[in-house]
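Below, each chain spelled out in residue letters.
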Amino acid sequence: MKKIISLVVGTLLLTVMTVTGANSAQTLKCQTVISAKADEVKMLKDFTDTVTALTQGSLKFEIMPAGSVVGVKETLDAVDKGLIDCGFAWTHYWSGDHPAAMLFGSPVAGAGVGIDNIAFLSWFQYGGGKELYDQLWTEMGRDIKGFMLQPVGPEALGWFKEPINSMADFRKYKFRTPPGIPGQTYKDIGVASVAMGGGDILPALEAGTIDAAEWCCPKPDMTFGFQKVLKHYYLQGLHQVVVNADFYITGSKYKKMSAIEKKALEVAANASLSKSMSYRIYENGKALHELTTKHGVILHDTPADYFPAYMAAAKAALEKNAAKNPFFAKVWQSQKDFADIAVPFWSGSQMSNAKLGMAHAETLK
């Protein structure tokens, strides 16, 4: 009889726990700043699926494309105010709210000190970057908890109607650039820079509003369809050597989450940093091969005089912003201190990797 009673009580307790868990489950509505078809959204869903699995379903997510609830430019405001539970964007989109957002989303020209996308993750995870990133939202007066998810880089210089052999050729074009300091730096070196959202680029090219453009890398660029209107492609650029797409949750909602749910978000975000980079390498490789073998795209080397011109202007822009904003100066100093230690080792190591890879690439020509 005691065994039967124990079994009944145990069953009732399990039922109560299951019902309680089901009742506490929540579905977070998350708006992105891009199309649902983008690779970034595919990787975002991998992240949210991981969180759902780690929390055994207590956190679920509805991923909505750009414009579903608010406009792209209002995405962060909507998360801050709780109009949507979470958002997905590149943090440099909010450089107009605070210039230091650029240093986390796309530190122009590798923060001017040679930080590439892998070294950036080292700074973020072990060089004090994460703590400064958390402080950014306080500096911006936002009720936000952010998670860095998707590093990519270096981004391609971009697409052109005709080959460019010098900065003089480059300056002939109206060129789509990212917002904030990276785009302003192009203006500083005499390029007619036009900032616009991703979904507007191809229509602007077709309409002649702009006649050259950058977006990201071979796979996203091919998905956007640039190869349909432009055929000359340049991989090496400095404007976004490092780029990161991030996930934002309303701060008050995050604070109410359980310790397990918070840890699940942290663990899934750290996994996404690695998985996104791995995914990009192979997908961009396949896309570049398709662009050059099936779509008539011609791959060129970036003109040599671009690099010193852009780097000098980028450093001047960084110094100007550091002089005006104490938090910007604090973040940039942290990146410079990190670079003084890490970059000599890392860049030196990458020289052999690059030569190894190029030796193989030459055999394919």
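Procedures and definitions
- Residues numbered from 1 in each chain as written.
- Predicted model: local features only at pLDDT ≥ 70, side-chain atom pairs only at ≥ 80, totals over all residues.
- Heavy atoms only, no water.
- Helix = DSSP H or I, 4+ residues; strand = E, 2+ residues; numbered from the N terminus.
- Buried < 20%, exposed > 50% of the residue type's maximum accessible area, 1.4 Å probe, protein only.
- Pairing = 2+ DSSP bridges.
- Axes fitted to C-alpha atoms, helices over the stretch in contact; angles between N-to-C directions.
- Contact = heavy atoms within 4.5 Å.
- Polar contact = N/O pair within 3.5 Å; in protein donor to acceptor, adjacent residues only side chain to side chain.
- Right-handed = clockwise from strand over helix to strand, strands pointing away.
- Phe/Tyr/Trp six-rings, centres within 6.5 Å; stacked < 30°, edge-to-face > 60°.
- Core = buried A, V, L, I, M, F, W, Y, C linked by side-chain atoms within 4.5 Å.
- pLDDT = per-residue confidence, 0-100.
- Arc of directions from axis to C-beta.
- Salt bridge = Lys/Arg side-chain N within 4 Å of Asp/Glu carboxyl O.
- Parallel < 35°, antiparallel > 145°, perpendicular 65-115°, else oblique.
- Left-handed = near helix turned anticlockwise from the far one by under 90°.
- Nonpolar A, V, L, I, M, F, W, Y, C, P; charged D, E, K, R; others polar.

Asks: How should unusual backbone geometry be read in this particular structure?
Replies: Note: most peptide bonds trans; most residues except glycine with negative phi. In this structure, Ala 109 is a non-glycine residue whose phi angle is positive, near 50 degrees. Along the chain, Ala 109 turns up in helix α5 (residues 108–114). On the basis of relative accessibility, which here comes to 3%, the residue Ala 109 falls in the buried class. Of note in this structure, Ala 111 is not a glycine but carries a positive phi near 60 degrees.

Asks: Would you take a moment to explain the sheet that holds strand β2 (residues 59–64) for this structure?
Replies: Strand order in this open sheet of 5 strands is β2-β1-β3-β10-β4, and the pairing throughout is mixed. The sheet is open, and its two edges are formed by β2 and β4 (144–152), each paired on a single side. Pairwise comparison of adjacent strand axes, ignoring direction, gives a mean angle of 25 degrees for this sheet. Where strand β3 (residues 86–90) and strand β10 (residues 243–250) come together, 5 bridges link them in antiparallel fashion. Note on β10: the bridge partner recorded for Trp 90 is Ala 245. This element, helix α7 (residues 129–139), spans β4 and β10 of the sheet and lies at about 130 degrees to β4.

Asks: Please clarify how the side chain of Asn 244 should be interpreted in this entry.
Replies: Mapped onto the elements of the fold, Asn 244 is located in strand β10. A residue is classified by how much of its surface remains accessible, and Asn 244, at 0% relative accessible area, is buried. There is a polar contact of 3.0 Å between the side chain of Asn 244 and the backbone oxygen of Phe 104. Residues in contact with Asn 244, not counting those within four places in the same chain, are Ala 89, Trp 90, Thr 91, Phe 104, Gly 105, Phe 120, Met 148, Gln 150 and Pro 151.

Asks: Which parts of the structure should I look at to understand the pairing of β2?
Replies: Sheet faces and side chains relate simply in a regular strand, where the side chains alternate between the two faces. Summarising the sheet, strand β1 (residues 26–32) and β2 pair through 6 bridges and their orientation is parallel. Among the inter-strand pairings, Leu 28 is bridged to a residue of β2, identified as Phe 61. Assessed by its sense of winding, the connection that carries the chain from β1 through helix α2 (residues 39–54) to β2 is right-handed.

Asks: Just to check I follow, could you spell out the packing of aromatic side chains for this structure?
Replies: To describe a pair of aromatic rings, you give the distance between the ring centres and the angle between the ring planes. Taken as a whole and judged by the stated rule, the model has 30 aromatic pairs. Between Tyr 133 and Trp 137 the ring centres are 5.6 Å apart and the planes differ by 80 degrees, which places this aromatic pair in the edge-to-face class. Placement of the pair is Tyr 133 and Trp 137 together in helix α7, with a separation of 4 residues, close to one helical turn. Given a relative accessible area of 1%, Tyr 133 falls into the buried group. For the ring pair Trp 215 and Phe 224, a centre distance of 4.8 Å and an interplane angle of 25 degrees mean the geometry is stacked.

Asks: Honestly, the nonpolar core in this entry has me stumped. Any pointers?
Replies: Within soluble globular proteins, side chains that are nonpolar generally end up buried alongside one another. Counting residues in each nonpolar core, the largest one holds 110 residues, and the members touching the most others are Phe 61, Phe 170, Phe 247 and Leu 265. Residues within four places of Phe 61 in sequence aside, it is in contact with Thr 27, Leu 28, Cys 30, Thr 48, Val 51, Thr 52, Cys 86, Phe 247 and Leu 265.

Asks: What's the story with the confidence of the model for the protein chain in this structure? I'm lost.
Replies: Looking at the protein chain as a whole, the pLDDT averages 91, with 94% of positions reaching at least 70. Predicted confidence is poor over residues 1–23, with pLDDT under 50, and the contacts of this stretch with residues over four places away or in other chains come to 0 contacts.

Asks: Would you mind showing me how to read helix α10 (residues 198–207) here?
Replies: Each α-helix winds once per 3.6 residues, and so residues spaced three or four apart point in a common direction. When we look at burial in α10, the residues that qualify are Gly 198, Ile 201, Leu 202, Ala 204 and Leu 205. One side of α10 carries all its buried residues, which in axial view fall inside an arc of 165 degrees. Of the residues in α10, the exposed ones pointing more than 90 degrees away from the buried face are Gly 199, Glu 206 and Ala 207. Turning to α10, the residues buried within the fold contact β6 (174–177), β8 (212–213) and α11 (218–224). Following α10 by one or two positions, Gly 208 adopts a phi angle in the positive range, close to 80 degrees.

Asks: Explain the pattern of salt bridges to me, please; I cannot follow it from the model alone.
Replies: Close approach of charged atoms allows side chains with opposite charge to pair. Per the stated rule, a full pass over the model turns up 16 salt bridges. Of the charged contacts in the structure, one is a salt bridge between Arg 142 and Asp 97, with a shortest N-O distance of 2.3 Å. Taken together, the residues span a long stretch of sequence, with Arg 142 in the loop between α7 and β4 and Asp 97 in the loop between β3 and α4 (101–105) at a distance of 45 residues. Overall, Arg 142 belongs to the buried group, its relative accessible area being 16%. Overall, the relative accessible area of 44% leaves Asp 97 in the partly exposed class. Sharing partners across several salt bridges, the network here consists of Asp 39, Lys 219, Glu 283 and Lys 286.

Asks: Whenever I open this one, the pairing of β3 confuses me. Can you help?
Replies: Burial of β3 is extensive: 5 of the 5 residues sit out of reach of the surface. Where burial is concerned, the two faces of β3 agree: the one with Cys 86, Phe 88 and Trp 90 and the one with Gly 87 and Ala 89 are both buried. When β1 meets β3, the two strands line up parallel, connected through 3 bridges. Counted as the bridge partner of Cys 30 is Cys 86 from β3.

Asks: Honestly, the sheet that holds strand β5 (residues 158–160) in this entry has me stumped. Any pointers?
Replies: As a general point, the strands of a sheet are linked pairwise by backbone hydrogen bonds and lie either parallel or antiparallel. With respect to topology, 6 strands assemble into an open sheet ordered β7-β6-β8-β5-β9-β11, the strand pairing being mixed. Unpaired on one side and paired on the other, β7 (192–195) and β11 (298–300) mark the two borders of the sheet.

Asks: Hey, could you run me through the packing of helix α6 (residues 117–126) against helix α15 (residues 326–363) in this one?
Replies: How two helices pack is summed up by the angle between their axes together with the distance between the axes. Close contact between α6 and α15 brings their axes to 10 Å; oriented N to C, the two are set at 125 degrees. On the basis of their axis angle, the class for α6 and α15 is oblique. For α6 against α15, the interelement crossing comes out right-handed. Contacts from Ile 118, Ala 119, Phe 120, Ser 122 and Trp 123 of α6 reach α15 at Val 331, Ser 334, Gln 335, Phe 338 and Trp 346. Partitioned by chemical class, the residues of the contact of α6 with α15 number 7 nonpolar, 3 polar and no charged.

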